[in-house]
Amino acid sequence: MRVGTGFDIVGFGHKDGLIGAYCVAAVNALAQLKEWRGDAAGANTSRAMHRRAVATYNAELWNESAGFYSDWKDESGLRRNYLYTWNNLLTIDPLAGIANSTQASAIIRAMDARYAALRSEFGKDAGSHGLWCPPSSMLPAERYDLQHNGTDCDQADYPHYENGNCFLCYMGYELSGRALAGTGRPALEVFRTAMGNFNSSN
């Protein structure tokens, strides 16, 4: 996970939760591919690598006190905990296989708490023109973590949230994450709300 950041507006990276999660998923996909090709030995090797990758990811980035994965660690070892939805929800996906059921449930609870706080702060609801699919980060990034101290991007109106809006790819991960974390009915409610607002929200 010694890689550059995969997020658009942060000016650094080191042990990156997003790219790391995709790397873990890729190793698992490689094991499945080798198994499909009949390479049993290669599949076993890749599965063992995946288990080590999962253990390393959890050791490096799981934040027990916050109940979600840290987004990255910088070169000095300091964590960033902005509850980025992309990497946290990706850890629940079976292809990555990083979060266990307890961790998955904790991530969804943390997101729900932030949804409630954001809706209250910005006077939004879950309906049309409200907050009905996840922002990239559920917590605002500090200015010192943004490129050019946050002065060359549109983060002021929605204070320092990565990209500042919601994205359907995140919503897809959220639906999957909620279902896999054992909260299928809220996933269905999110889906129904999104479909009702898809053509009417800006």
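A quick note: this is a predicted structure, and the numbers were derived from the prediction, not measured.

**Regarding the overall build of the chain**
Line of reasoning, step 1. Counting its regular elements, the chain contains 6 helices and 5 strands.
Line of reasoning, step 2. Reading the secondary structure of the chain in the N-to-C direction produces β-α-α-β-β-β-β-α-α-α-α.
Line of reasoning, step 3. Within the chain, the fraction of its 202 residues that count as buried is 44%.
Line of reasoning, step 4. Long-range pairs, those at least 24 residues apart, make up 60% of the contacts in the chain between residues at least 6 apart in sequence.

**So, the confidence of the model for the chain**
Line of reasoning, step 1. Overall, the predicted model of the chain reaches an average pLDDT of 81, with 75% of residues at or above 70.
Line of reasoning, step 2. Low confidence marks residues 1-6, where pLDDT is under 50. Its contacts with residues over four positions away, or in another chain, come to 23 contacts.

**Regarding the packing of helix α1 (residues 17-36) against helix α3 (residues 85-92)**
Line of reasoning, step 1. Running from N to C, α1 and α3 point in directions that differ by 25 degrees, and their axes come no closer than 8 Å. The angle between the axes of α1 and α3 places the two elements in the roughly parallel class. When you trace α1 past α3, the crossing you get is left-handed. For the pair α1 and α3, contact is made by G17, L18, A21 and Y22 and by W86, N87 and L90, respectively.

**Comments concerning a nonpolar patch on the surface**
Line of reasoning, step 1. A cluster of nonpolar side chains, contributed by L30, L33 and W36, occupies part of the molecular surface with about 360 Å² of accessible area.
Line of reasoning, step 2. On the basis of relative accessible area, L30 is assigned to the partly exposed category, the value being 36%.

**Re the nonpolar core**
Line of reasoning, step 1. If you look at the biggest cluster of nonpolar residues, it comprises 27 residues, and the most contacted ones within it are Y57, Y69, L83, L89, I92, I98 and I107.
Line of reasoning, step 2. Contributions of two or more residues to this core are made by α1, α2 (40-61), β3 (68-69), α3 and α4 (101-122).
Line of reasoning, step 3. When residues in this core are grouped by element, the largest group, 8 residues, is from α4.
Line of reasoning, step 4. The residues contacting I98, other than those within four sequence positions of it, are A21, V24, V54, Y57, N58, Y69, T91 and Q103.

**Comments concerning the sheet that holds strand β4 (residues 72-73)**
Sheet strands pair by backbone hydrogen bonding; their relative direction is either parallel or antiparallel.
Line of reasoning, step 1. Spatially, 3 strands are ordered β1-β4-β5 in an open sheet, and the strand pairing comes out antiparallel. The sheet is open, and its two borders are formed by β1 (15-16) and β5 (79-80), each paired with just one other strand.
Line of reasoning, step 2. The pairing of β4 with β5 spans 2 bridges and is antiparallel. Bridge pairing in β5 places K73 opposite R79.

**So, the pattern of salt bridges**
Line of reasoning, step 1. Under the definition given, this model contains 6 salt bridges.
Line of reasoning, step 2. For the salt bridge of R47 with E35, the shortest nitrogen-to-oxygen distance reads 3.7 Å. Of this pair, R47 sits in helix α2 while E35 sits in helix α1, and the two are 12 residues apart along the sequence.
Line of reasoning, step 3. Classification of R47 by relative accessible area gives partly exposed; the value is 29%.
Line of reasoning, step 4. What emerges from the salt-bridge pattern is a single network uniting K15, E60 and K73.

Reading the values: the criteria
- Sequence order sets the numbering: in each chain, residues are counted from 1 along the sequence as written.
- For this predicted model, a pLDDT threshold of at least 70 governs which residues receive local features, and a threshold of 80 or more governs which side-chain atom pairs are given and counted, while totals over whole chains, interfaces and linings are taken from all residues.
- Side-chain metrics rest on all non-hydrogen atoms present in the structure, leaving aside hydrogens and water.
- Only DSSP runs of H or I covering at least 4 residues are called helices, and only runs of E covering at least 2 are called strands; the numbering of each starts at the N terminus.
- Relative accessibility decides the category of a residue: with a 1.4 Å probe and only protein chains considered, values under 20% of the type maximum give buried, values over 50% give exposed, and everything between is partly exposed.
- In this analysis, two residues are considered to be in contact whenever any of their non-hydrogen atoms come within 4.5 Å of each other.
- The predictor rates its confidence in each residue with pLDDT, a number between 0 and 100.
- All axes are obtained by fitting lines to C-alpha atoms, using only the stretch in contact for helices, and the reported angles, taken between N-to-C directions, cover 0 to 180 degrees.
- Note on terminology: angles under 35 degrees are roughly parallel, angles over 145 are roughly antiparallel, angles of 65 to 115 are roughly perpendicular, and the others are oblique.
- Handedness of a crossing is defined here by the sense of rotation of the near helix relative to the far one, left-handed for an anticlockwise turn of less than a right angle and right-handed for a clockwise turn.
- Like-charged residues within 9 Å of one another, or nonpolar side chains (Val, Leu, Ile, Met, Phe, Trp, Tyr) within 5 Å, are grouped into patches, provided each residue has over 30% relative accessible area and no salt bridge.
- The Shrake-Rupley method, run with a 1.4 Å probe, gives the accessible areas here. Residue values count only the displayed protein chains as cover.
- By definition here, a salt bridge exists when the distance from a side-chain nitrogen of Lys or Arg to a carboxyl oxygen of Asp or Glu is within 4 Å.
- As used here, the term nonpolar core means buried Ala, Val, Leu, Ile, Met, Phe, Trp, Tyr and Cys residues forming a set that is joined through side-chain atoms within 4.5 Å.
- Two strands pair under a simple rule: DSSP has to find at least two bridges between them.

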